[in-house]
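Letter by letter, the chains look like this.
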Amino acid sequence: MYPTTVAVILLVLTGIFFWRWWSTHLRHKNLPPGPVPLPVIGSLHLLGSLPHRSLHKLSQKYGPIMSVRLGSVQFVIVSSPDAAKLFLGTHDIVFASRPQIQAAKYLSYDNKGMTFSEYGPYWRSVRKFCTVELLSATKVNGFAGMRREEIGLMVEEMKAAAKARKVVNLSETVSWVIEGMVCRMLFGKKKDERFVFKTVIDKSMEATGIFNLADYVPMLAPFDLQGLTKRFKSLSKELDEMFEILIDEHEKRNQASESPNRDQMDFIDILLSLKQEYSYTHDNLSYTIDRSNMKAILLDMVAGAIDTAKTSIEWILSVLIKHPRVMKELQKELKTMVGDKVMVEESDLTRLRYLHMVVKETFRLYPVAPLLVPHQSMEDIAINGYTIPKKTRVLVNYWAFGRDPKVWSDNWDEFLPERFLDNEIDFRGHDFKLIQFGIGRRGCPGMNLGLLNIGLVVSNMVHWFDWELPNGMSPTDLDMKEKFGLTTPREKPLLAIPTYLV
Ligand code: HEM
C-alpha cells in the first residue's frame, strides 16, 4: 500500500475516534463526575492490575456514583451502600441486564447460561429451573449425606497430615473438597482421571475477570493484543469436551438401564429429562433447551459454586490464622456448642453465632467478587440528578463498601467480628452494606448452598485442628495480597501445618 493511502486511512480512523469521543462526551453532559477519558482507550490506563483498588481511589475523588469511560463503553461505578441501594434496590429492574462480553460469547455458548444472559424470558426460565431443580432447600438437603461423607474424608486427610507434621496447601485442599461436593450434586460423581475441572474453571474465572480490550475497543478485537480470544477459545474447547463426555455417559447409562427415579437424579439427569419429557413446571425451557443450553447452564453451576466457596473459605481460614484471638474464640464456641461429636453437623451451624460473625467480617474485608458481576441498564434513567444512558455498564465496587469509615467507623481496617454483635447487618436481607452475594433480581441464587459448604468446611477445619504457619512464620507476617479475576482469591496459596486437637 502507498504511504499516502496509509496516511489517509489513519487520518480518517483518528477523525472517527475523535468524533465519537467528543460526541459521546458532549451528548451526555449530565453523566456523573469522573476522570476525563482519553481518546480511544478512555480510562483503561487507570485500572492497573487490581481494578477494584484503583476504582476505589478514583471514587474518593469523584464520589460514590462515578462515570468512567473504558474504550468506547460507558461505565458507572457505584462505591457506597447508599448508592447501591439506588441501582440494585430502587431501580433494580432497569439495571437487571448483563453486557454481552467476549468471555461469555466463547465460554457460555453465546450467552446461553444464566449469569451472562440478558434480562428477559430466557434468563427467567433458566433461573427458575436452577433454583427449583438444584438450589431449593429441599434439593440441597437431599445431598446432606454426600456432604457428610466428603467432610469426613477431609477431616481424615487432615488428621493424617497432622500426624506426619505435613505442611498442607489449604487452598488446594479446600478446592478439592468443594469440587467433590459440587460435582457429586451435578454429575453424580466427583473424580474423573480424564480431566481436572477445577483448573479449567480457575483459568476461566481469571480470564473472564480481565478487562478485555476487545470488549471496549472493538476495532482492536481482530488483533487479540492480550491473547484473550485465543485463551477463551482453548478453554471453551476444554470445557466443551468435558461436558460432552459427561452428558454422553449419562445418556448411555439412561438408555442401557431404566432412567433413575427423580430423587436419585443428579443435575445432568434432570437437564436431560427436560428434553425428553415435556415439563409443565419448566415449559418455556423445555421448548428451547438443546445441548449447548445444557452445557452453558452446567458451566454456570460449576463456575458459580466451586470458585466462590473455595475463595471464601481460603480467606476465612487466612484471617483466622492471622488473628489467633479470633481463632481461639471460635474454637471455644465450637467446643461448647458441638462438644466431642464425631463431626460438626449441618444442624449445628445455625447455632454457631460467632462463626457467623467471623464469616460476615471476612465478607466485609475480603469480597470474593469485589466488583460483583457487571450489570447493564435497559433504558435511560435519572438517578441523583444524573442521566444514566441506556446500555451503561454498572460495576458495583463492593470492595470499597467495607472500607468506608462512614459505614464501619474509623476502625474499619481492623478484623473485628464483634462489630456484628449488636447489629442486624446481614447479607441475606435488604442490607446494602454487606452484599457478598449481590442483591435484587440478579443476586446469587446459590447463596444457601454456598453458605452451607463454607460453614461445614470452616467449622470442621477449626474444631478439630490448630493451624500453624510453616517455617516458624508469625501470624502477623501472613501475606493477604489478592489476585484479581471474576473471583479474587489469594495471590499465593495458604500453607499451614495442622495439629489434631483430641
Ligand atoms: C460463597 C459462595 C458464593 C458467592 C460469594 C457468590 C457470589 C455471587 C455474586 C457476587 C453474584 C453476582 C450478583 C450480581 O451480579 O449482582 C452471583 C451470581 C450468581 N451466582 Fe453466586 N455465589 C456463591 C455461590 C453460588 C453457588 C453455590 C451457585 C450455584 C450452584 C451460584 C450461582 C450463581 C449464578 C448462576 C449467578 C448469576 C445470577 C444471575 O445473573 O441471575 N453461586 N454470585
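Predicted model, so just to flag it, every value in this text is computed and none were measured.

The rules behind the values
Residues numbered from 1 in each chain as written. Predicted model: local features only at pLDDT ≥ 70, side-chain atom pairs only at ≥ 80, totals over all residues. Heavy atoms only, no water. Helix = DSSP H or I, 4+ residues; strand = E, 2+ residues; numbered from the N terminus. Rg over C-alpha atoms; globule rule 2.2 N^0.38 Å. Buried < 20%, exposed > 50% of the residue type's maximum accessible area, 1.4 Å probe, protein only. Areas by Shrake-Rupley, 256 points an atom, 1.4 Å probe, with all protein chains shown as cover. Pairing = 2+ DSSP bridges. Donors = N, O, S within 2.8 Å, 3.2 Å for Na, K, Ca; no water. UniProt positions renumbered as here; feature names shortened; annotations may be inferred. Contact = heavy atoms within 4.5 Å. Near = heavy atom within 4 Å. Polar contact = N/O pair within 3.5 Å; in protein donor to acceptor, adjacent residues only side chain to side chain. Nonpolar A, V, L, I, M, F, W, Y, C, P; charged D, E, K, R; others polar. Phe/Tyr/Trp six-rings, centres within 6.5 Å; stacked < 30°, edge-to-face > 60°. Lys NZ or Arg CZ within 6 Å of the ring centre and 35° of its normal. Disulfide = S-S within 2.5 Å. Core = buried A, V, L, I, M, F, W, Y, C linked by side-chain atoms within 4.5 Å. Axes fitted to C-alpha atoms, helices over the stretch in contact; angles between N-to-C directions. Expected span 1.5 Å × (residues − 1).

### Quick notes on the overall build of the protein chain
Thought 1: The number of helices and strands found in the protein chain is 20 helices and nine strands.
Thought 2: Its C-alpha radius of gyration of 24 Å places the protein chain within 12% of the 23 Å reference for a compact globule of 502 residues.
Thought 3: Considered along the principal axes of its C-alpha atoms, the protein chain spans approximately 80 × 65 × 45 Å.
Thought 4: Residue burial in the protein chain is summarised as follows: out of 502 residues, 55% are buried.
Thought 5: For the protein chain, the computed accessible surface area is about 22,900 Å², with 57% contributed by carbon and sulfur atoms.

### Concerning the sheet that holds strand β9 (residues 495–500)
Thought 1: Read from one edge of the open sheet, three strands run β3-β9-β8, paired in antiparallel fashion. Since the sheet does not close on itself, it has two edges, and those belong to β3 (168–169) and β8 (465–468), each with one partner.
Thought 2: Bridging between β8 and β9 involves four bridges; their strand directions are antiparallel. Residue pairing for β9: Glu468 is matched across the bridge by Ile497.

### Quick look at the coordination of the iron atom of the ligand
Thought 1: Only one protein atom coordinates the iron atom of the ligand: Cys444 (SG), located 2.3 Å from the metal.
Thought 2: The residue Cys444 is located in the loop between α19 (405–408) and α20 (447–464) in this model.

### A word on the UniProt feature "binding site: heme" (unreviewed entry) in the protein chain
Thought 1: With numbering aligned to this structure, UniProt lists the feature "binding site: heme" (unreviewed entry) at Cys444.
Thought 2: With a relative accessible area of 36%, Cys444 lands in the partly exposed category.
Thought 3: In contact with Cys444, other than residues within four places in its own chain, are Arg127 and Phe437.

### Here's the deal with the site of the ligand
Thought 1: Within the structure, the ligand sits among 26 residues, and Arg98, Trp123, His375, Arg442 and Cys444 are positioned closest to it.
Thought 2: Contact distances for the ligand include 2.8 Å between an oxygen atom and a side-chain N or O atom of Trp123.
Thought 3: At 3.3 Å, a backbone N or O of Gly304 approaches a nitrogen atom of the ligand.
Thought 4: Every element with two or more residues in the shell around the ligand is listed here: α5 (121–135), α14 (291–322) and α20.
Thought 5: Here the shell around the ligand gets six residues from one element, more than from any other, and that element is α14.
Thought 6: Its residues placed into classes, the shell around the ligand shows 14 nonpolar, nine polar and three charged.

### Observations regarding the packing of aromatic side chains
In this description, a pair of aromatic rings is defined by centroid distance and the angle of the planes.
Thought 1: Counted according to the given criterion, the structure contains 14 aromatic pairs.
Thought 2: Judged by centre distance (5.8 Å) and plane angle (80 degrees), the ring pair of Phe363 and Phe437 falls under edge-to-face. Of the two residues, Phe363 sits in helix α17 (residues 353–365) while Phe437 sits in the loop between α19 and α20, which places them 74 residues apart along the sequence. Of the two residues, Phe363 and Phe437, neither departs from the other in class, the shared state being buried.
Thought 3: One aromatic cluster is present, formed by Phe75, Phe211, Tyr216 and Phe484 through successive ring pairs.
Thought 4: The aromatic ring of Tyr119 is capped on one face by Arg124, whose charged end is 5.4 Å from the ring centroid.
Thought 5: Looking at Arg403, its charged tip hangs above the ring of Trp399, at a distance of 3.8 Å from the centre.

### Quick word on the environment of Gly42
Thought 1: Checked against the element boundaries, Gly42 lands in the loop between α1 (3–27) and α2 (51–62).
Thought 2: Using a relative accessible area of 0% as the deciding quantity, one classes Gly42 as buried.
Thought 3: Note: C-alpha distance between Gly42 and Gln74 (32 residues apart in sequence) is 9.2 Å.
Thought 4: If we ignore the near neighbours within four places in the chain, the residues touching Gly42 are Pro37, Arg69 and Gly71.

### Some points on the state of the cysteines
Thought 1: Tallied over the entire structure, the rule returns zero disulfides.
Thought 2: The thiol of Cys130 is not disulfide-bonded; the next cysteine sulfur, from Cys444, is found 11 Å away.

### Things to note about the nonpolar core
Thought 1: One finds Phe187, Phe197, Phe267, Leu317, Leu320, Val457 and Trp467 to be the most contacted residues of the largest nonpolar core, which totals 139 residues.
Thought 2: Leu44, Leu47, Val73 and Phe484 belong to the second-largest nonpolar core, a separate cluster that totals 16 residues.

### What to know about the sheet that holds strand β1 (residues 65–70)
Thought 1: With respect to topology, four strands assemble into an open sheet ordered β1-β2-β7-β4, the strand pairing being mixed. Looking at strand neighbours, the two that pair on one side only are β1 and β4 (375–376), the edges of this open sheet.
Thought 2: Here β4 pairs with strand β7 (residues 393–396) via two bridges, running antiparallel. Note that in β7 the partner of His375 across the bridge is Val394.
Thought 3: Seen against the sheet, α2 touches β1, β2 (73–78) and β7 and runs at an angle of roughly 125 degrees to β1.
Thought 4: Contacts from helix α3 (residues 81–90) reach β1, β2, β4 and β7 within the one sheet, and its direction differs from that of β2 by about 125 degrees.

### Digging into the pairing of β9
Thought 1: Of the pairings in the sheet, the one linking β3 to β9 comprises two bridges and is antiparallel in character. When the sheet's bridge partners are listed, Val168 is paired in β9 with Ala496.

### Describing helix α11 (residues 228–256)
Thought 1: Under the 1.5 Å per step criterion, the end-to-end length of α11 is 42 Å for 29 residues, consistent within 8% with the ideal 42 Å.
Thought 2: Along α11, the positions that sit buried rather than exposed are Leu228, Thr229, Phe232, Leu235, Ser236, Leu239, Met242, Phe243, Leu246, Ile247, His250 and Asn254.
Thought 3: Where α11 is buried, its residues touch α4 (102–107), α8 (170–187), α9 (197–209), α12 (267–276) and α14.

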